[in-house]
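Chains, contacts and geometry: an overview
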Amino acid sequence: MTESFRTARALGAVIGSAVGDALGAPFEFGPEGAFSARFPEPGQGGEMCGGGGWEPGEATDDTQMAVLVGESLLDCGRLELPDVFRRFQRWAAAEPKDIGLQTEAVLSSGDAWDMAAALHFQVNQRTAGNGALMRATPAAVHFARAGRDATMDAARRIAALTHGDRAAWEGTAIFHELVRVALDEGDASAAVPATLEAVHPDHRDRYAVVLAPDWHPDQATEFNGAVWPCLGSAVWALRTTSSYEDAVRAAIDLGGDTDTVAAVTGGLAGAVYGISAVPERWTGVLHVPLPGFGGRVLRVGELAELGRRLSG
Ligand SMILES: [Mg+2]
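The following refers to the structure shown. Throughout, a residue's number is its position along its own chain's written sequence, starting from 1. This being a predicted model, a pLDDT of at least 70 is required before a residue's local features are given, and a value of 80 or more before pairs of side-chain atoms are given or counted; all residues contribute to the totals for chains, interfaces and linings. Here the side-chain values reflect all heavy atoms present in the structure, with hydrogen atoms and water set aside.

Core analysis: the biggest nonpolar cluster contains 101 residues, and Phe175, Tyr207 and Leu211 have the highest contact counts within it. Two residues qualify as a contact provided that any one of their heavy atoms is within 4.5 Å of a heavy atom in the partner residue. Those residues in contact with Leu211, other than ones at most four positions away along the chain, are Ile174, Val192, Leu196, Leu231, Gly232, Val235 and Arg239. As used in this record, nonpolar core signifies buried Ala, Val, Leu, Ile, Met, Phe, Trp, Tyr and Cys residues forming a set joined through side-chain atoms within 4.5 Å. Remark: exposure states derive from per-residue accessible area (1.4 Å probe, protein chains only) relative to the maximum for the residue type, with buried under 20%, exposed over 50%, and partly exposed in between.

In structure tokens form, the structure reads like this:
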């Protein structure tokens, strides 16, 4: 495997996730098939349409938080959980356009970084949203070289900053591992059974259901803002299409939490197909505001630099 090929996949993951987020955002909470109804022909252009409060190409909280994790990893030279938490808090305090309810509650609780999510979980119990999974791509790229167990462990620890429910940790850990396999030129879909063996036993069966080859998002028992159907839908979209563009279109056409399902799908599909498969008409308008960080707005060149350094 050439090093440049691995880098192309890493950039595909980081940028592909951001593109999915921005492409899906205007369709959030919309009905099934809304994207294809508006853009029937793949490749026709204009799909980065904006709407619902989002500018064309504007990435949402999913990518904003993902960038914060990636920059913390690079600035600290390793995983410093208190630093990640502080960056999240600084961002949340600057009133981003969107923020998950649970994430906001945890980050604004005033509790310590290693207590806030657990305390929130004790009180609320149901906290297995997709809010940790949605921001995982940069860390998945960074920890890929460390191997399966290390990348899955890192995923769990970062997820636990905002999500006290182990189900959210395990879903994020599965995503990390599938990205790792893809960056290694493996078959991410085929890696699901082996990955499930590394999932905490209490959570293995439920993920086995949504990641089974014959599972369809219509079979979901929760809204796709929950971690299980979100991850299952992303893997389904990857399995049932043969390009980055078609995978992301399929994800957005599911309706519901379209920005996040497409961000997760785009991260996986970008890792599989590489940056050359992510259409330039989409990356050209992509931009990621970072509230709380001096008015910074990252464009595709800066995301590419981030991805390159993370995959180092
Ligand atoms: Mg979002």
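Note: most peptide bonds trans; most residues except glycine with negative phi. Even without being glycine, Glu95 reaches a positive phi, approximately 55°. Glu95 sits in the exposed class, given a relative accessible area of 70%. For Glu185, which is not glycine, the phi torsion reads 70° and is therefore positive. With respect to the element layout, Glu185 can be found in the loop between α9 (166–183) and α10 (192–196). Only DSSP runs of H or I covering at least 4 residues are called helices, and only runs of E covering at least 2 are called strands; the numbering of each starts at the N terminus.

A word on the pattern of salt bridges. Salt bridges are defined as contacts in which a side-chain nitrogen from Lys or Arg sits within 4 Å of a carboxyl oxygen from Asp or Glu. Following the criterion strictly, the structure yields 16 salt bridges and no others. A salt bridge links Glu170 to Arg156, with the nearest nitrogen and oxygen atoms 2.7 Å apart. Taken together, the positions of Glu170 in helix α9 and Arg156 in helix α8 (residues 148–159) put the pair 14 residues apart, joining distant regions of the chain. Like Glu170, the residue Arg156 is buried in the burial classification. As a salt-bridge pair, Glu170 and Arg166 come within 3.1 Å of each other at their nearest N and O atoms. Highlighted residues: Glu170 and Arg166, both in helix α9, separated by 4 residues, approximately one helical turn. Among the residues examined, Glu170 registers a relative accessible area of 0% and is labelled buried. Arg166 sits in the partly exposed class, given a relative accessible area of 29%. Linked by salt bridges that have partners in common, Arg6, Glu177, Arg180 and Asp184 make up one network.

Using a grid of 1 Å spacing that covers the protein atoms alone, one calls a set of points a cavity when a 1.4 Å probe fits there but cannot get out, and a pocket when the set is open and has protein on both sides within 12 Å along at least five of seven lines; lining residues are those with an atom within 4 Å of a point. Grid points are joined across faces, edges and corners, and a volume is the space filled by probe spheres set on the points. On inspection of all chains with the given rule, the structure shows 2 cavities of 30 Å³ or more. The volume enclosed by the largest cavity comes to roughly 70 Å³. Residue lining of the largest cavity: Val14, Ser17, Ala18, Thr63, Ala66, Val67, Met134, Arg135, Thr137, Pro138, Leu303 and Leu306, and that is the complete set. Only α1 (3–24), α3 (61–76), α7 (137–143) and α16 (300–311) provide two or more residues apiece to the lining of the largest cavity. Gly counts as polar in this scheme, as do all residues outside two lists: the nonpolar Ala, Val, Leu, Ile, Met, Phe, Trp, Tyr, Cys and Pro, and the charged Asp, Glu, Lys and Arg. Grouping the constituent residues of the lining of the largest cavity by class yields 8 nonpolar, 3 polar and 1 charged. In this structure, the second largest cavity spans a volume of roughly 50 Å³. Along the walls of the second largest cavity sit Val69, Ala132, Arg135, Ala136, Ala139, Ala155, Ile158, Ala159, Thr172 and His176, which together make up its complete lining. Those elements that place two or more of their residues in the lining of the second largest cavity are α8 and α9. Top contributing element to the lining of the second largest cavity by residue count: α8, with 3 residues.

What follows covers helix α6 (residues 116–124). For α6, the complete set of buried residues consists of Ala116, Ala117 and His120. Buried positions in α6, seen along its axis, are confined to an arc of 95° and lie on one side of it. Each element contacted by the buried residues of α6 is listed here: α4 (81–93) and α5 (101–107). Directly after α6, the chain includes Gln125, whose backbone phi takes a positive value near 60°. By definition, the arc is the one covered by directions from the helix axis to the C-beta atoms.

Moving on, we come to the state of the cysteines. When the sulfur atoms of two cysteines come within 2.5 Å, that pair is taken as a disulfide. A full pass over the atoms with the stated rule returns 0 disulfides. The closest cysteine sulfur to the non-disulfide-bonded Cys49 is located on Cys230, 20 Å from its own sulfur. Judged by its relative accessible area of 18%, Cys49 falls in the buried class. Owing to a relative accessible area of 0%, Cys230 belongs among the buried residues under this scheme.

This next bit is on α8. Each α-helix winds once per 3.6 residues, and so residues spaced three or four apart point in a common direction. Helix span is expected to be 1.5 Å times the residue number reduced by one. Look at α8: 17 Å from first C-alpha to last across 12 residues, which is about the 16 Å you get at 1.5 Å a residue. For α8, every residue scored as buried is listed here: Thr151, Met152, Ala154, Ala155, Arg156, Ile158 and Ala159. Where α8 is buried, its residues meet α3, α4, α7, α9 and α10.

Relative orientation of the contacting elements helix α12 (residues 227–239) and helix α14 (residues 258–273) amounts to 40°, with a least axis distance of 9 Å. What the angle tells us is that α12 and α14 run oblique. Between α12 and α14 the crossing geometry is right-handed. Residues Cys230, Leu231, Ser233, Ala234, Val235, Ala237 and Leu238 of α12 lie in contact with α14, whose contacting residues are Thr260, Val261, Val264, Thr265, Leu268, Ala269, Val272 and Tyr273. To get an axis, a line is fitted to the C-alpha atoms, and for a helix only the part in contact is used. The angle between two axes follows their N-to-C directions and goes from 0 to 180 degrees. Oblique is the label for any angle not under 35 degrees, not over 145, and not in the 65 to 115 range, which are roughly parallel, roughly antiparallel and roughly perpendicular in turn. For any helix crossing, the convention is left-handed if the near helix is rotated counterclockwise from the far helix by under a right angle, and right-handed if that rotation is clockwise.

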